[in-house]
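Breakdown of the fold
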Amino acid sequence: MIESAVAVGDLPDASGAVDVTDELLAACVHCGFCIPVCPTWDILREENDSPRGRLYLMRAEAEGRVQADGAFSLHVGRCLGCRACESVCPAGVPFGHLLERARARIPQRPVAHWWERWMLEALTTPRRARVTYAVARFLRNSGVADILGRLLPGTAGRALRLLSASRPTFGTTRAAAVGIPATRLEVQDGEALMAETQAYVLLSGCVMEGLFGHVHDATRRTLARAGYREVEAPGQVCCGALHAHAGLLEEAREQARHNIRVFESVDCEWIVTDSAGCGAGLKDYPAWLTDDPDWRDRAEALAARVKDVTEILADAVTNSDGTLGSSPGAELPGGRVGYDAPCHLHHAQGVRDDPLVLLRSLPGFEVEALPSSDRCCGGAGMYNLVQPDLAALVLAPKLGEIEHGRYDWIATGNPGCIMYLGAGLMRVGDRTLVVHPVELVDHAWNDQQEEPGE
Ligand code: SF4
Ligand code: SF4
């Protein structure tokens with residue numbers, strides 16, 4: 001990953017009228033290296049829908065030459081926030097941070113899609129989220145989401161297909177079903193592999209906790225097997241990434257401050273995430289809080305402790321001399337795996353090889369990165385619901401790579417990508433399963449027993 005020429009600590013005040021420009025926008029040398037990697041430019045072939053064009057617009061808006069609505073809103077709104085442009089930028093322009101600040105400048109953005117705001121609250125506000133996810137799990141687990149998702153047109157059908165695609169591929173394990181904390185499970189076949197047991201906190205998240213509890217369970221089991229000990233951190237809230245992407249930066253900052261307080265109160269080495277978007281959000285806390293001297297240093301200290309679960313497990317596998325592997329008697333699913341890198345892992349966090357190292361360590365699997373692995377799938381948080389036509393065009397080439405039974409599994413470490421890829425495959429009648437990498441690792445490492453009747 002190309003190092004940023006502009007340190008996060010140098011980010012200007014986002015709350016001011018024009019501060020978003022200044023040295024960060026000035027860092028762009030207009031070379032255009034970012035243009036060919038931009039999915040929206042690739043489809044629309046319009047300079048204003050390229051990273052360089054959007055940076056021109058941001059500067060023009062900040063200098064008062066264009067209004068924050070109109071063209072600025074249109075082209076900034078079409079950006080996926082995939083940050084592929086950052087990976088190739090020789091000047092280290094932090095496009096993702098500039099985008100969040102630009103979106104916060106669009107006056108109508110929070111109400112442009114009233115249901116976007118409504119969904120954000122339903123998914124992330126703790127009391128409402130409990131109801132939302134209880135209803136969502138009922139619709140998903142009963143099969144209603146699957147049936148209606150295939151029948152209903154428009155946004156409702158799209159949302160139900162996304163929900164259906166979040167279902168657990170391997171069912172609910174006995175340990176999870178009876179509520180045994182996975183960290184108390186005995187490690188099978190021997191000892192914890194680390195010289196010292198390191199403690200970690202798992203970021204609960206909102207969508208992850210509500211719909212991907214099975215991925216959290218797999219994360220806990222595999223980390224226990226690798227010798228890590230979970231400690232509780234009650235009181236966590238949503239990481240704030242969805243709010244930041246929607247231009248609600250002040251709300252994202254409040255969530256960041258709350259989580260920093262919570263994690264500072266816990267004695268552990270690592271804050272582990274199994275959602276690329278949430279991990280990128282936590283690592284972006286210093287950028288969100290850069291203009292707040294009371295919080296900036298605390299945000300940096302927290303960000304330094306954040307790791308994606310695949311980073312930790314790949315490290316454990318690399319150092320295990322082959323002792324970390326499948327249990328005798330375990331039923332390995334095996335098969336061909338196509339890895340699709342989440343943008344917020346690959347581009348935003350720079351975690352590129354670890355998921356592949358980890359997956360390739362599993363016996364019985366043939367693993368390759370999809371040809372378009374480093375290209376956005378189009379999911380991009382709630383983008384696929386707000387910009388469904390453009391998102392579908394971004395997804396189409398990837399579906400072409402997956403279709404026709406080329407893979408048994410698609411592995412990708414972000415809930416939005418799992419759901420959008422899964423929903424896209426459902427729409428075209430492809431039965432390839434989309435899972436989180438840690439689910440495959442868990443299944444290979446643990447001789448799991450399914451609950452009777454599941
Ligand atoms: S690659 Fe970087 S410096 Fe070059 S045009 Fe794109 S954002 Fe500007
Ligand atoms: S974040 Fe992605 S979609 Fe947006 S300008 Fe950069 S490459 Fe293009």
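Residues numbered from 1 in each chain as written. Chains lettered and ligands numbered in written order. Predicted model: local features only at pLDDT ≥ 70, side-chain atom pairs only at ≥ 80, totals over all residues. Heavy atoms only, no water.

As a structural note, the neighbourhood of ligand 2 is formed by Cys 38, Pro 39, Thr 40, Pro 51, Arg 54, Cys 79, Leu 80, Gly 81, Cys 82, Arg 83, Cys 85 and Phe 95. Where the shell around ligand 2 is concerned, the elements lending two or more residues are α2 (39-44) and α3 (51-62). (Near = heavy atom within 4 Å. Helix = DSSP H or I, 4+ residues; strand = E, 2+ residues; numbered from the N terminus.)

Each packed pair of helices is defined by two parameters, the angle between the axes and the distance between the axes. In contact at an axis separation of 8 Å, helix α10 (residues 144-151) and helix α11 (residues 154-164) are set at 145° when each is read in the N-to-C sense. α10 and α11 meet at a crossing whose hand is left-handed. Here Ala 145, Asp 146, Leu 148 and Gly 149 of α10 come into contact with α11, specifically with Gly 157, Leu 160, Arg 161, Leu 163 and Ser 164. Of the residues assigned to the contact of α10 with α11, the class counts are four nonpolar, three polar and two charged. (Axes fitted to C-alpha atoms, helices over the stretch in contact; angles between N-to-C directions. Left-handed = near helix turned anticlockwise from the far one by under 90°. Contact = heavy atoms within 4.5 Å. Nonpolar A, V, L, I, M, F, W, Y, C, P; charged D, E, K, R; others polar.)

Evaluated as defined, the whole model comprises two aromatic pairs. A ring pair is formed by Tyr 285 and Trp 288, whose centres lie 5.2 Å apart and whose planes are at 45°; its orientation type is tilted. One end of the pair, Tyr 285, and the other, Trp 288, are both in helix α18 (residues 285-288), three residues apart, so they sit about a helical turn from each other. There is no split in this pair, since Tyr 285 and Trp 288 are both buried. Positioned above the aromatic ring of Trp 295, the side-chain terminus of Arg 298 is 4.0 Å from the ring centre. Between Lys 307 and the ring centre of Trp 270, over which it is positioned, the NZ or CZ distance is 4.8 Å. (Phe/Tyr/Trp six-rings, centres within 6.5 Å; stacked < 30°, edge-to-face > 60°. Buried < 20%, exposed > 50% of the residue type's maximum accessible area, 1.4 Å probe, protein only. Lys NZ or Arg CZ within 6 Å of the ring centre and 35° of its normal.)

Another point: the pairing of strand β1 (residues 198-202). Counting buried residues along β1, four of its five residues qualify, which places the element largely inside the surrounding structure. Across three bridges, β1 lies against strand β2 (residues 228-230) in parallel orientation. Bridge pairing links Tyr 200 to Glu 230 in β2. As defined by bridge partners, β1 adjoins strand β3 (residues 270-273) across three bridges and the pair is classed as parallel. Counted as the bridge partner of Leu 202 is Val 272 from β3. (Pairing = 2+ DSSP bridges.)

With respect to the secondary-structure elements, Ala 396 resides in helix α24 (residues 388-402). A residue is classified by how much of its surface remains accessible, and Ala 396, at 40% relative accessible area, is partly exposed.

Turning next to the sheet that holds strand β8 (residues 433-435). Judged by pairing direction, the sheet is parallel, and its four strands sit side by side in the order β6-β5-β7-β8 without closing on themselves. Edge positions in the open sheet fall to β6 (365-369) and β8, since each of these has one partner strand only. Each strand of the sheet is rotated relative to its neighbour by a mean of 25°, with strand direction disregarded. Both strand β7 (residues 409-411) and β8 contribute to a ladder of three bridges, which runs parallel. If you follow Trp 409 over to β8, its bridge partner there is Leu 433. Along the sheet face, helix α25 (residues 415-427) touches β7 and β8 and points at about 175° away from the line of β8.

Following the criterion strictly, the structure yields 23 salt bridges and no others. A salt bridge links Arg 257 to Glu 254; the shortest N-O distance between them is 2.7 Å. Of this pair, Arg 257 and Glu 254 both sit in helix α16 (residues 249-264), three residues apart, roughly one helical turn. Here Lys 283 makes a salt bridge to Glu 311, at a shortest N to O gap of 3.4 Å. Within this pair, whereas Lys 283 is found in helix α17 (residues 276-283), its partner Glu 311 is found in helix α20 (residues 309-318), the two being separated by 28 residues in sequence. Through salt bridges with shared partners, one network takes in Arg 117, Glu 121, Arg 128 and Glu 251. (Salt bridge = Lys/Arg side-chain N within 4 Å of Asp/Glu carboxyl O.)

Let's shift gears to a nonpolar patch on the surface. On the surface, a cluster of nonpolar side chains totalling about 360 Å² of accessible area is made up of Ile 147, Leu 148, Leu 151 and Leu 152. Among the secondary structure elements, Ile 147 is positioned in helix α10. The exposure class assigned to Ile 147 is exposed, which follows from its relative accessible area of 52%. (Patch = residues over 30% accessible without salt bridge, like charges linked within 9 Å, V, L, I, M, F, W, Y side chains within 5 Å. Areas by Shrake-Rupley, 256 points an atom, 1.4 Å probe, with all protein chains shown as cover.)

One can find Glu 439 in helix α26 (residues 437-445). Buried charge without a partner: Glu 439 forms no salt bridge, and the closest opposite charge is Arg 221, 8.1 Å away. Apart from the residues within four sequence positions on either side, Glu 439 is in contact with Thr 169, Phe 170, His 214, Val 215 and Ala 218. (Lys, Arg positive; Asp, Glu negative; His and termini not counted.)

This part is about the confidence of the model for the chain. For the chain, mean pLDDT is 86; residues scoring 70 or higher make up 84% of the total. Long-range and interchain partners of residues 1-18, a stretch whose pLDDT sits below 50, account for 44 contacts in this model, where long-range means more than four residues apart. pLDDT under 50 marks residues 448-454. Its contacts with residues more than four places away, or in other chains, come to 16 contacts. (pLDDT = per-residue confidence, 0-100.)

Despite not being glycine, His 30 has its phi angle at roughly 60°, a positive value. Among the structural elements, His 30 can be located in the loop between α1 (22-26) and α2. With relative accessibility at 36%, the residue His 30 sits in the partly exposed group. In this model, Ala 380 sits at a positive phi of 50°, which is unusual for a non-glycine residue. We classify Ala 380 as partly exposed; its relative accessible area is 26%.

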